[in-house]
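# Tertiary structure, described
Residues per chain are reported as follows:
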Amino acid sequence: MRTPPANLVRPFHYGGAEDRELFCDRVPLARLVRQYGTPLYVYSANNILDRVQMFAEAFAGMRATLCYSVKANSNLSILRLLASAGAGFDIVSGGELERVRQAARPSLRRVVFSGVGKTAAEIDAALAAQILVFNVESPAELDLLEQRARHFRKRAPLAMRVNPDVFAATHPYISTGMTAHKFGVAIGDATALYQRAARSAYLVPTGVSVHIGSQIRVTEPFGQALHRVMELVRELKSSHGIRIQHIDAGGGLGISYDDPPQAGKSRKDVPLFDPKAAVQGYAQHIRAALAGFDSELLLEPGRFIIAQAGALLAQVLYTKRNGPKTFVVTDAAMNDLIRPALYQAYHSIVPLRRRQNRPSTVVDVVGPVCETGDFFARDRELPALQGGDSIALLDAGAYGMSLSSNYNSRPRAAEVLVEGNRHRLIRRRETMRDLLAAEKSLLLK
Ligand SMILES: *Cc1c(COP(=O)(O)O)cnc(C)c1O
């Protein structure tokens, strides 16, 4: 067995006899398919830790804390792995708070709580857990936070999430930083809210937060947003005596979904995505915008940390032709990975075993779900596939399993974490019993 080439963007590469077998780190994926079945999510622990390290290096010399965005992938073992690397967490629900509590209780003090619709019960749970800060997204939420803090005789640390009104090119569903979006408060309205918080005995305005969207590849908008945040921070201090102790730059740093796997043939000679350069460019804009700010920086990356560490493995059930089109039907579906259906997202698809002299064909790769939107790829040129072959959908580590559902009453996939040459099940495949556990079968009278 070969050691994977160093500095892989992805942990997935061909190796073994004649370089034909797809591996994750040093584990042949065919072995995981035999042992755990499909659909199966596979993640590389080393790749995740490499990404955390890239952030640490890019922000070296600053007081920066990485608060991994739990919604990107919320598996308990992955949260625990990230906590062991020193990460805090960005959460958006009481459920995610509970996950952090179960996976890494000491990390609760490094939790930031985001989201436009926090309920009183969620706020209560977070107050009891003594999280780092509430990212407050509206005047009404500020009222509720004060009311709940007063009820418990506690002081709630908060950052207003401001909407800087900058444009960042990404898919419209994941762009968040403009006035037309539901997120945050207009930056012009923030000062009055900080003054209000500063007057309260139960609120402590400790930070300012911003998050302009997701899968953002051009990094200038991050700097623009933080320039506006810095103007606010200066004004709060000079005109109102409010000292901001941390700035939360949000998440959103994008990755490349369409590079070929490193050991494969180059697709159209696109330059390979360089994650290290990407995070360094990102850090450069943030550093420039924050010049003179000597307090703490919080970062909330999700996708950048976990997307490329993961793949969804599936088995080809059938191939079929309808008129001019060829369909490859897999045992994974949109309930397992909804990104193509939801965002027209592109995922590279590679076979687990490269065969010699297989011509390539143009196919649609689809799942069994009864929706025309249930596809992984359309008109994609792939090496010819047949029933029984296994494939990997790459870059599926973020917003894959966490967005999965039981649609069509399909049990959710299993998840495996690879650590070098070892692999462990970190979520078992759901059973029929799991599928029905919360329901009752009542006869109407
Ligand atoms: C979703 C989200 C993130 C993570 O975004 P990525 O694009 O995955 O980095 C960070 N912060 C907030 C507030 C979010 O809603």
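Keep in mind it's a predicted model, so treat the numbers as computed, not measured.

The rules behind each value
- Residues numbered from 1 in each chain as written.
- Predicted model: local features only at pLDDT ≥ 70, side-chain atom pairs only at ≥ 80, totals over all residues.
- Heavy atoms only, no water.
- Phe/Tyr/Trp six-rings, centres within 6.5 Å; stacked < 30°, edge-to-face > 60°.
- Helix = DSSP H or I, 4+ residues; strand = E, 2+ residues; numbered from the N terminus.
- Buried < 20%, exposed > 50% of the residue type's maximum accessible area, 1.4 Å probe, protein only.
- Lys NZ or Arg CZ within 6 Å of the ring centre and 35° of its normal.
- Domains from an automatic or database assignment.
- Contact = heavy atoms within 4.5 Å.
- Buried area = accessible area lost by both parts, 1.4 Å probe.
- Salt bridge = Lys/Arg side-chain N within 4 Å of Asp/Glu carboxyl O.
- Near = heavy atom within 4 Å.
- Polar contact = N/O pair within 3.5 Å; in protein donor to acceptor, adjacent residues only side chain to side chain.
- Areas by Shrake-Rupley, 256 points an atom, 1.4 Å probe, with all protein chains shown as cover.
- 1 Å grid on protein atoms, 1.4 Å probe; cavity = no way out; pocket = protein on both sides within 12 Å on 5 of 7 lines; lining within 4 Å.
- Sits in = over half its atoms within 2 Å of the grid points.
- Nonpolar A, V, L, I, M, F, W, Y, C, P; charged D, E, K, R; others polar.
- Points joined across faces, edges and corners; volume = space filled by probe spheres on them.

## Here we look at the packing of aromatic side chains
- If you walk through the whole model with that rule in mind, you get eight aromatic pairs.
- Relative to Y282, the ring of F59 has its centre 6.0 Å away and its plane inclined at 85 degrees; by these criteria the two rings are edge-to-face. With F59 in the loop between α2 (45-58) and β5 (64-69) and Y282 in helix α9 (residues 275-289), this pair connects stretches of sequence that are 223 residues apart. Exposure class is identical for F59 and Y282. Each is buried.
- Relative to F134, the ring of F113 has its centre 6.1 Å away and its plane inclined at 35 degrees; by these criteria the two rings are tilted. With F113 in strand β7 (residues 111-113) and F134 in strand β8 (residues 133-136), the pair connects residues that are 21 residues apart, well separated along the chain. Across this residue pair, the class does not change: F113 and F134 are buried.
- Ring pairing ties together the aromatic residues F55, F59, F222, Y282 and F304, which thus form one cluster.
- Against the face of F113 rests K118, its NZ or CZ located 5.4 Å from the ring centre.

## Looking at unusual backbone geometry
- Residue P39 is bonded to the preceding T38 through a cis peptide linkage, with omega at -5 degrees.
- Within the fold, P39 resides in the loop between α1 (29-36) and β4 (40-44).
- Not every positive phi belongs to a glycine, and S409 is a case in point at roughly 50 degrees.
- Residue placement: S409 occurs in the loop between β19 (390-393) and β20 (414-419).

## Describing the domain arrangement of the chain
- The domain architecture assigned to the chain consists of domain 1 (12-43 + 308-436) and domain 2 (46-302).
- Between the C-alpha centres of domain 1 and domain 2 the distance comes to 31 Å.
- Facing the 24 residues of domain 1 at the interface are 25 residues of domain 2.
- Buried area between domain 1 and domain 2, summed over both chains or domains, comes out near 2200 Å², and the portion from carbon and sulfur atoms is 53%.
- Considering only the side of domain 1, the residues that lose the most area to domain 2 are Q308, Y346 and Y399, jointly responsible for 27% of the buried surface there.
- The tally of links from domain 1 across to domain 2 stands at zero salt bridges.

## What about the site of the ligand?
- Among the 15 residues in the neighbourhood of the ligand, the closest are listed as K71, S214, E300, R303 and Y399.
- Within the side chain of H211, one N or O atom sits 3.4 Å away from a nitrogen atom of the ligand.
- In the environment of the ligand, an oxygen atom lies 2.9 Å from a nitrogen or oxygen atom belonging to the backbone of G302.
- Protein chains shield 94% of the accessible area of the ligand, which is 390 Å² for the free molecule.
- The site holding the ligand turns out to be the second largest pocket.
- Taken together, the residues of the shell around the ligand break down into two nonpolar, eight polar and five charged.

## Looking at empty space enclosed by the protein
- All told, the structure shown has one cavity of 30 Å³ or more when counted by the stated rule.
- The calculated volume of the largest cavity comes to roughly 40 Å³.
- Taken together, V210, I212, F222, A225, L226, A249, Y282 and I286 form the lining of the largest cavity.
- Of all the secondary-structure elements, those providing two or more residues to the lining of the largest cavity are α8 (220-240) and α9.
- Sorting elements by how many residues they give to the lining of the largest cavity places α8 first, with three residues.

## Brief notes about the pattern of salt bridges
- Taken as a whole, this structure holds 20 salt bridges when the rule is applied.
- One salt bridge connects R20 with E18, and the closest N-O pair in it is separated by 2.6 Å.
- Its relative accessible area of 15% is what places R20 among the buried residues.
- Note that R358 and D389 form a salt bridge whose closest N and O atoms lie 3.3 Å from each other. Pair noted here: R358 is in the loop between β16 (349-351) and β17 (360-366) and D389 is in the loop between β18 (375-383) and β19, with a separation of 31 residues, a long-range link.

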